[in-house]
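Working through the structure, step by step
One letter stands for each residue in the lines below.
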Amino acid sequence: MTEYSASTAYKAFFLGLEFFPCGKTSWKTWAPAKCKIHIWLAMQRRIWTADRMLQHDMQSHSNCPLCEQAPETADHLALGCVLAREVWHATLQRCNLSHLTPLAGDMLIEWWPDSRRRVPQQLRKGFDSLVLLMVWTLWKERNNLVFERSAETARGICKRIT
Ligand SMILES: [Zn+2]
């Protein structure tokens, strides 16, 4: 039987990073560790979004709590949701990178590596850090809405990020 400990979990985490697109990249960003772990789980669709809850019979629908227009998946919440795209556009515009604003069907595992290649080398670490913070902020905002019933507008989220 395998013994699990904090040390084996830590090693498994780093082993996972090796084999994941942008795994090592995420570790080099300026974002806090909780954001690095969150994006790693989100890229593997292992966060508890509505679609996953439905699959596990933990709730009866998969609607996105932010837009109520599409099923909530990890990719939808991080990139494709109307609210997410509004926040991404406003934030990327301030960095002259609005052409990288995600589209409705984008997947984190493709969009992030593709987008970072289009950012000048000297700005990549900043861009990667922004991606982690944005994905984390959207997740926190979603949780505020689901658990605290307090919804913020896209403008409110942008204000906190910038
Ligand atoms: Zn949505």
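Described in the following lines is the structure provided in the data block. (Residues numbered from 1 in each chain as written. Predicted model: local features only at pLDDT ≥ 70, side-chain atom pairs only at ≥ 80, totals over all residues. Heavy atoms only, no water.)

**Some thoughts on empty space enclosed by the protein**
Note the following rule: The pocket and cavity definitions rest on a 1 Å grid over protein atoms only: a 1.4 Å probe that fits but cannot leave marks a cavity, an open set with protein on both sides within 12 Å along at least five of seven lines marks a pocket, and residues lining either have an atom within 4 Å of a point. Grid points are joined across faces, edges and corners, and a volume is the space filled by probe spheres set on the points. Labels follow the DSSP assignment, with helices taken as runs of H or I lasting at least four residues and strands as runs of E lasting at least two, numbered in each case from the N terminus. Each residue receives one of three labels: charged for Asp, Glu, Lys and Arg, nonpolar for Ala, Val, Leu, Ile, Met, Phe, Trp, Tyr, Cys and Pro, and polar for the others, Gly being one of them.
Inspection of the entire model under this criterion finds one cavity of 30 Å³ or more. In this structure, the largest cavity is lined by His38, Ala42, Ile47, Ala74, Leu77, Ala78, Val135, Leu138 and Trp139. Secondary-structure elements contributing two or more residues to the lining of the largest cavity are helix 3 (33-43), helix 5 (74-80) and helix 8 (124-148). In the lining of the largest cavity, the residues fall into eight nonpolar, one polar and no charged.

**Concerning the coordination of the zinc ion**
Rule in force here: Note that water is not among the atoms used; donors are N, O and S atoms within 2.8 Å of the metal (3.2 Å for Na, K and Ca), so sites may look incomplete. A four-donor site is classed as tetrahedral when every donor-metal-donor angle falls between 85 and 135 degrees; four donors are called square planar, and six octahedral, when trans pairs exceed 155 degrees and all remaining angles lie between 65 and 115, with any other arrangement labelled irregular. For the exposure calls, accessible area comes from a 1.4 Å probe over protein chains only, and a residue counts as buried if that area is under 20% of its type's maximum, exposed if over 50%, partly exposed in between.
Looking at the zinc ion, one finds its protein donor set to be Cys64 (SG), Cys67 (SG), His76 (NE2) and Cys81 (SG), positioned 2.1 to 2.4 Å from the metal centre. Angles of 103 to 112 degrees at the metal separate the four donor atoms of the zinc ion, which places the site in the tetrahedral class. Sequence spacing of the donors to the zinc ion: C-x2-C-x8-H-x4-C. Here Cys67 is found in the loop between helix 4 (50-55) and helix 5, whereas its partner Cys81 is found in the loop between helix 5 and helix 6 (82-94), with 14 residues between them in sequence. Given a relative accessible area of 14%, Cys67 falls into the buried group. Take Cys81: its relative accessible area is 0%, and that puts it in the buried class.

**Looking at the environment of Ala33**
Topologically, Ala33 is positioned in helix 3. Measuring from C-alpha to C-alpha, the distance between Ala33 and Leu132 comes to 10.0 Å, with 99 residues separating the pair along the chain.

**Examining the packing of aromatic side chains**
The geometry of two aromatic rings is summed up by the distance between their centres and the angle between their planes. Quick reminder of the rule: Centres within 6.5 Å make a pair out of two Phe, Tyr or Trp rings, where for Trp the six-membered ring is used; the pair is then stacked when the planes are under 30 degrees apart, edge-to-face when over 60, and tilted otherwise. Two thresholds decide whether a charge sits over a ring: the Lys NZ or Arg CZ must be within 6 Å of the ring centre and within 35 degrees of the ring normal.
Applying the stated criterion across every chain yields a total of two aromatic pairs. Taken together, a centroid distance of 6.1 Å and an interplanar angle of 45 degrees make the contact between Trp111 and Phe127 tilted. Within this pair, whereas Trp111 is found in helix 7 (residues 108-117), its partner Phe127 is found in helix 8, the two being separated by 16 residues in sequence. Residue Phe127 is classed as buried on the basis of its relative accessible area, which comes to 3%. Lying over the aromatic face of Trp48, Arg52 brings its terminal NZ or CZ to 3.9 Å of the ring centre.

**Section: the packing of helix 6 against helix 8**
For clarity, the threshold we go by: Convention adopted: a line fitted to C-alpha atoms gives each axis, helices being fitted over their contacting stretch, and angles between N-to-C directions are expressed from 0 to 180 degrees. Handedness of each helix crossing follows the sense of rotation of the near helix against the far helix: counterclockwise by less than a right angle gives left-handed, clockwise gives right-handed. Throughout, a contact is declared for two residues whenever any of their heavy atoms are within 4.5 Å.
Their axes nearest at 11 Å, the elements helix 6 and helix 8 cross at an angle of 150 degrees. Between helix 6 and helix 8 the crossing geometry is right-handed. Contacts between helix 6 and helix 8 involve Leu83, Ala84, Val87, Trp88, Thr91 and Leu92 from the former and Phe127, Leu130, Val131, Met134, Val135 and Leu138 from the latter.

**Looking at the packing of helix 3 against helix 7**
This is how it is decided: In this scheme, roughly parallel covers angles under 35 degrees and roughly antiparallel covers those over 145, while 65 to 115 is roughly perpendicular and the rest are oblique.
Where helix 3 contacts helix 7, the axes come no closer than 9 Å and their chain directions differ by 120 degrees. One element, helix 3, and the other, helix 7, form an angle in the oblique class. In this structure, helix 3 contributes Ile39, Ala42 and Met43 to the contact, and helix 7 contributes Leu108, Ile109 and Trp112. Split into classes, the residues belonging to the contact of helix 3 with helix 7 amount to six nonpolar, no polar and no charged.

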